[in-house]
Amino acid sequence: FLDSCISIKHLDLSDTQLSLFYSKFMSHSSIETLLLPSTLTTIGAYTLEHSFITTLDLRHTAITSLPDQCFSFSALEHLLLPTTLRDIQDEVLVQV
């Protein structure tokens, strides 16, 4: 879903009921701003990989795990984590 999307810069999903982002969500994208829903519990591997996002606030989500290579090779400078986080898998922030 939305992988390799080069035209979206800002995406507000905060008013949605999404609970899951599949693998490669917004990977290889030009996304700069992403607002997430509080219902989000799971993100797939390679989420936001090779993206232009610089700040990501996960504090208001219910995410419990960061999977392999999510955020890797991205422009991420600031990552705010939720209190629900229990597991960070391998290579989450590779080449960030």
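Refer to the structure printed above.
Computed from a prediction, not measured in an experiment: that's the story for all the values here.

K.L.:
Describe the packing of aromatic side chains, and please don't skip the residues or the numbers.
P.N.:
Counted under the stated rule, the structure contains one aromatic pair. Ring centres of Phe-21 and Phe-25 lie 3.9 Å apart, and the angle between their planes is 15°; this geometry places the pair in the stacked category. Pair check on accessibility: Phe-21 and Phe-25 agree, each one buried.

K.L.:
Requested: an account of the nonpolar core, with residues and values cited.
P.N.:
Membership of the largest hydrophobic core comes to 21 residues, with the highest contact counts inside it found for Leu-34, Ile-43, Leu-48, Leu-56, Leu-66 and Phe-71. Once you skip the residues sitting within four places of it in the chain, Ile-43 turns out to touch Phe-21, Ile-63, Ser-65, Leu-66, Pro-67, Cys-70 and Phe-71.

K.L.:
Kindly report on unusual backbone geometry, identifying the contributing residues and their values.
P.N.:
At Phe-73, a position not held by glycine, the phi torsion is positive, near 60°. You can see Phe-73 is positioned in the loop between strand S6 (65–66) and strand S7 (78–80). Here Phe-73 falls in the partly exposed class, since its relative accessible area comes to 34%.

K.L.:
An account of empty space enclosed by the protein is needed here, citing residue identities and associated values.
P.N.:
Regions of empty space are outlined by a rolling probe, equal in size to a water molecule, passed over the atoms. For the structure on display, the rule yields one cavity of 30 Å³ or more. Of the voids in this model, the largest cavity is the one considered here, and its volume is about 40 Å³. Lining of the largest cavity is provided by Phe-21, Leu-34, Leu-36, Leu-40, Ile-43, Thr-47, Leu-48, Leu-56, Leu-58 and Phe-71. Split into classes, the residues belonging to the lining of the largest cavity amount to nine nonpolar, one polar and no charged.

K.L.:
So what about the environment of Glu-49? Which residues, and what values?
P.N.:
On the secondary structure map, Glu-49 appears in the loop between strand S4 (42–43) and strand S5 (55–57). Glu-49 sits in the buried class, given a relative accessible area of 9%. Note: C-alpha distance between Glu-49 and Ser-23 (26 residues apart in sequence) is 10.0 Å. Apart from the residues lying within four places of it in its own chain, the contact partners of Glu-49 are Met-26, Ser-27, His-28, Gln-69, Phe-71, Ser-72 and Phe-73.

Definitions and limits used
Residues numbered from 1 in each chain as written. Predicted model: local features only at pLDDT ≥ 70, side-chain atom pairs only at ≥ 80, totals over all residues. Heavy atoms only, no water. Phe/Tyr/Trp six-rings, centres within 6.5 Å; stacked < 30°, edge-to-face > 60°. Buried < 20%, exposed > 50% of the residue type's maximum accessible area, 1.4 Å probe, protein only. Core = buried A, V, L, I, M, F, W, Y, C linked by side-chain atoms within 4.5 Å. Contact = heavy atoms within 4.5 Å. Helix = DSSP H or I, 4+ residues; strand = E, 2+ residues; numbered from the N terminus. 1 Å grid on protein atoms, 1.4 Å probe; cavity = no way out; pocket = protein on both sides within 12 Å on 5 of 7 lines; lining within 4 Å. Points joined across faces, edges and corners; volume = space filled by probe spheres on them. Nonpolar A, V, L, I, M, F, W, Y, C, P; charged D, E, K, R; others polar.

Function cannot be read off these values alone, since they describe shape.
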